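What follows is the residue order along each chain.
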Amino acid sequence: MSLEMEFIIQGMNNNNNTPVSQEPNIVHQKKAFENNLHKVQAFHSSEPIQLNIGGKKFSTTLDTLTKYKDSFFSVMFEGNFALKPCKDGSFFIDRDGTYFHYILNYLRTGELIIPKNKPYLTRMLLLEADFYQIEGLMENLV
């Protein structure tokens, strides 16, 4: 029996069923994964993302957009869809951007600040909150 084969058998007998000859490859893959994970985490927390909401441009971070787990943006950016930004690097969403700054400020602060006695604004924000599936915002508006 060759020396290499003995190492493989010995490695499999160590209760982990991973041949010794594959361990360096696994370690390399783990390091590569961790390196990519750090890049993704840095992107999520610090890199600005550009949104084009009905022709109006907004800048924020993925952390802000994905703050609420089941929201439109969390689903959009969770990685299950092949997203491609527009040529200018922004992500286009076909909604009226007039009210989006209220939505974005709510995502940033968790507070809804709107002028009083504006039932039309409240109604429009409720429609937008429903579209973006931001439960806490919808509760604030009802």
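Below you will find a few notes about this structure. This one's a predicted model, so the numbers in the text were calculated from it and none came from an experiment. (Residues numbered from 1 in each chain as written. Predicted model: local features only at pLDDT ≥ 70, side-chain atom pairs only at ≥ 80, totals over all residues. Heavy atoms only, no water.)

### Thoughts on the side chain of Ser71
Next up, step 1: Examined against the element boundaries, Ser71 turns out to sit in the loop between helix H3 (62-65) and helix H4 (72-77).
Next up, step 2: Owing to a relative accessible area of 1%, Ser71 belongs among the buried residues under this scheme.
Next up, step 3: Aside from chain neighbours lying at most four places away, what touches Ser71 is Leu65, Tyr132, Gln133 and Ile134. (Helix = DSSP H or I, 4+ residues; strand = E, 2+ residues; numbered from the N terminus. Buried < 20%, exposed > 50% of the residue type's maximum accessible area, 1.4 Å probe, protein only. Contact = heavy atoms within 4.5 Å.)

### Description of unusual backbone geometry
Next up, step 1: At Asn117, a position not held by glycine, the phi torsion is positive, near 60 degrees.
Next up, step 2: Here Asn117 shows up in the loop between helix H5 (100-109) and helix H6 (119-132).

### Re the packing of aromatic side chains
Next up, step 1: Under the definition given, this model contains 10 aromatic pairs.
Next up, step 2: Taking 6.1 Å as the distance between ring centres and 70 degrees as the angle between the ring planes, the aromatic pair formed by Phe73 and Phe100 counts as edge-to-face. Here Phe73, found in helix H4, pairs with Phe100, found in helix H5; they are 27 residues apart in sequence, far enough to count as distant.
Next up, step 3: With a centroid separation of 5.3 Å and an interplanar angle of 90 degrees, the aromatic rings of Phe77 and Phe91 are classed as edge-to-face. Of this pair, Phe77 sits in helix H4 while Phe91 sits in strand S3 (residues 91-93), and the two are 14 residues apart along the sequence.
Next up, step 4: On the basis of relative accessible area, Phe77 is assigned to the buried category, the value being 14%.
Next up, step 5: Put simply, the rings of Phe58, Phe72, Phe73, Phe100, Phe131 and Tyr132 touch in pairs and so form one group of aromatic residues.
Next up, step 6: The positively charged end of Arg95 is found above the aromatic ring belonging to Phe131, 4.0 Å away from the centroid. (Phe/Tyr/Trp six-rings, centres within 6.5 Å; stacked < 30°, edge-to-face > 60°. Lys NZ or Arg CZ within 6 Å of the ring centre and 35° of its normal.)

### Topic: the packing of H5 against H6
Next up, step 1: Relative orientation of the contacting elements H5 and H6 amounts to 60 degrees, with a least axis distance of 10 Å. As the angle between them shows, H5 and H6 are arranged oblique. Between H5 and H6 lies a crossing whose hand is right-handed. Within the contact between the two elements, H5 uses Phe100, Tyr102 and Ile103 and H6 uses Leu121, Leu125, Glu128, Ala129 and Tyr132. (Axes fitted to C-alpha atoms, helices over the stretch in contact; angles between N-to-C directions. Parallel < 35°, antiparallel > 145°, perpendicular 65-115°, else oblique. Left-handed = near helix turned anticlockwise from the far one by under 90°.)

### Here's the deal with the nonpolar core
Next up, step 1: Core analysis: the biggest nonpolar cluster contains 27 residues, and Leu51, Leu65, Phe73, Phe77, Phe100, Ile103 and Tyr132 have the highest contact counts within it.
Next up, step 2: Elements with a contribution of two residues or more to this core: strand S1 (48-53), H3, H4, S3, H5, H6 and helix H7 (135-141).
Next up, step 3: Tallying contributions element by element places H5 first for this core, with six residues. (Core = buried A, V, L, I, M, F, W, Y, C linked by side-chain atoms within 4.5 Å.)

### Overview of the environment of Leu112
Next up, step 1: Mapped onto the elements of the fold, Leu112 is located in the loop between H5 and H6.
Next up, step 2: A residue is classified by how much of its surface remains accessible, and Leu112, at 23% relative accessible area, is partly exposed.

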